[in-house]
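The chain contents come next:
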Amino acid sequence: MGVIETIRSEADRFIQQQDDRPYVTLSYAQSLDGCLATRDGRPYALSGDEALHLTHSLRAAHQAILVGVGTVISDDPLLTVRLVNGESPQAVIVDTNLRTPLNSRLIARGHHLPWLAARSNVDEACRQTFEAVGCKVLRCSMDEGGYILLPDLLSQLRRLGITTLMVEGGMHVITSFLLRQLVDMVVITVAPVWLGGKPSLAEEMVTHSAPDRYPLAQISAPRLEPAGRDMVLWGHLKKE
Ligand SMILES: NC(=O)c1ccc[n+]([C@@H]2O[C@H](COP(=O)([O-])OP(=O)(O)OC[C@H]3O[C@@H](n4cnc5c(N)ncnc54)[C@H](OP(=O)(O)O)[C@@H]3O)[C@@H](O)[C@H]2O)c1
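Residues numbered from 1 in each chain as written. Predicted model: local features only at pLDDT ≥ 70, side-chain atom pairs only at ≥ 80, totals over all residues. Heavy atoms only, no water.

Draft legend 1. Main features of the packing of aromatic side chains. Across all of its chains, the model carries 1 aromatic pair by this definition. Measuring from centroid to centroid gives 5.8 Å for Phe14 and Tyr23, while their planes differ by 75°, and the two rings are edge-to-face. Both residues of the pair, Phe14 and Tyr23, belong to the buried class. Here Lys136 stacks its cationic end above the ring of Trp115, 5.5 Å away from the centre of that ring. (Phe/Tyr/Trp six-rings, centres within 6.5 Å; stacked < 30°, edge-to-face > 60°. Buried < 20%, exposed > 50% of the residue type's maximum accessible area, 1.4 Å probe, protein only. Lys NZ or Arg CZ within 6 Å of the ring centre and 35° of its normal.)

As structure tokens, this is what we get:
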């Protein structure tokens, strides 16, 4: 079975067994030296055509797609399905203080306006501004590091009917999901370039919280498949 079929069948089973969060797929592209973007955070087109095609198929296989506000500010992504047939997922942005630019493409051009996960006591006028343009603001608890408490957000998403969630980045979001082991499937495109840029893990978050409190994240029984000039590494996150 390929990665999309595996996700579909596992998600079906997961949904029957667990109702506190969606099935979560973490998927991003990195260089040979484990970087997500250039050093100054500018996006760099790491994935070739075949890998991009896979990314869009993955998007179409999930009900929602999540990124951090850092990615929205630096990349201004659309997060839609364009290269394959299928529904675009509901965009979710983790954005504690509602820093998402109102003129970002997700708001200005999105088919479905994004849902924003903000702290529960976020500025009321700011919240109303986002709701007035049609965004849903999810009020979330905070974790010990001052970020959105992911289990709280995920359980709200499940209550809103989201059973499958794709997490696309960036660095801090990837780190948070891995540290908390809130990932079921991992799909990483490895591009055959050395970038010398921004790493896929936020070092300060890892060194401040691990290794005593969090186990090392690893993929069990990884599969490696070519996608044009790239390699795609996929498998389950090993749960401790
Ligand atoms: N290669 C790829 O596939 C790929 C994919 C996506 C992004 N990227 C790259 O990643 C870079 C952006 O990464 P980034 O680390 O700056 O931004 P990010 O991970 O997209 O967003 C991080 C921000 O999200 C907010 N946040 C709220 N709750 C969080 C939580 N529980 N865990 C983590 N973050 C939380 C925080 O801002 P507040 O405190 O303001 O809420 C945090 O600073 C860009 O350079 C982009 O090009 C690459």
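After that view of the structure, there is still more to cover.
Draft legend 2. Up close: the sheet that holds strand β7 (residues 164-169). Pairing is mixed across the open sheet formed by 9 strands, whose spatial order is β6-β5-β4-β3-β7-β1-β8-β11-β10. Sheet topology places β6 (136-140) and β10 (219-227) at the edges, where each strand pairs with a single neighbour. Averaged over all adjacent pairs, the angle separating strand axes in this sheet is 25°, with direction ignored. Note that strand β3 (residues 64-68) and strand β4 (residues 90-94) share 5 bridges and pair parallel. Paired with Leu66 across the two strands is Val92, which belongs to β4. Running over the sheet, helix α2 (residues 49-60) touches β1 (23-30), β3, β7, β8 (185-190), β10 and β11 (230-237) and is turned about 140° from β7. In the packing of helix α6 (residues 150-159) onto the sheet, contacts are made with β1, β3, β4, β5 (115-119), β6 and β7, and the angle to β6 comes to roughly 135°. (Pairing = 2+ DSSP bridges. Helix = DSSP H or I, 4+ residues; strand = E, 2+ residues; numbered from the N terminus. Axes fitted to C-alpha atoms, helices over the stretch in contact; angles between N-to-C directions. Contact = heavy atoms within 4.5 Å.)

Draft legend 3. Molecular detail of the pairing of β1. Extensive coverage of β1 is indicated by the burial of 8 of its 8 residues. Alternating positions in β1 separate into two faces, Tyr23, Thr25, Ser27 and Ala29 on one and Val24, Leu26, Tyr28 and Gln30 on the other, with burial throughout. Sheet topology places β1 next to β7; 4 bridges connect them, and they run parallel. Residue pairing for β7: Thr25 is matched across the bridge by Met166.

Draft legend 4. Geometry of α6. Most of α6 is tucked away, with 8 of its 10 residues classed as buried. Of the residues making up α6, those classed as buried are Leu150, Asp152, Leu153, Leu154, Ser155, Gln156, Leu157 and Arg158. In the segment just after α6, Gly161 is the residue with positive phi, at about 95°.

Draft legend 5. Inspection of the site of the ligand at higher detail. The ligand sits among 28 residues. The nearest are Ala29, Thr71, Thr96, His172 and Ser176. The side chain of His172 places a nitrogen or oxygen atom 2.6 Å from an oxygen atom of the ligand. Here an oxygen atom of the ligand sits 3.2 Å away from a polar atom, N or O, in the side chain of Lys198. Listed by contribution, the elements that provide at least two residues to the shell around the ligand are β1, β2 (35-37), α3 (69-75), β7 and α7 (171-179). For the shell around the ligand, the element with the highest residue contribution is α3, accounting for 5 residues. Across the shell around the ligand, the residue classes break down as 13 nonpolar, 10 polar and 5 charged. (Near = heavy atom within 4 Å. Polar contact = N/O pair within 3.5 Å; in protein donor to acceptor, adjacent residues only side chain to side chain. Nonpolar A, V, L, I, M, F, W, Y, C, P; charged D, E, K, R; others polar.)

Draft legend 6. Looking closely at unusual backbone geometry. Between Gly169 and Gly170 the backbone carries a cis peptide bond, its omega angle lying at -5°. Turning to its location among the elements, Gly170 is positioned in the loop between β7 and α7. The phi angle at Leu98 is positive, at roughly 55°, despite the residue not being glycine. One can find Leu98 in the loop between β4 and α4 (105-108).

Draft legend 7. Quick peek at the environment of Leu160. Among the structural elements, Leu160 can be located in the loop between α6 and β7. Looking at Leu160, the relative accessible area reads 38%, which means it is partly exposed. Not counting the four nearest positions on each side in its chain, Leu160 is found in contact with Trp115, Lys136 and Leu138.

Draft legend 8. Looking closely at the packing of helix α1 (residues 3-17) against α2. Here α1 crosses α2 at 15°, and the two axes come no closer than 10 Å. Taken together, the axis directions place α1 and α2 in an arrangement best described as roughly parallel. Two packed elements cross with a definite hand, and for α1 against α2 that hand is right-handed. Where α1 abuts α2, its residues Val3, Ile4 and Ile7 lie against Leu54, Ser57 and Leu58. (Parallel < 35°, antiparallel > 145°, perpendicular 65-115°, else oblique. Left-handed = near helix turned anticlockwise from the far one by under 90°.)

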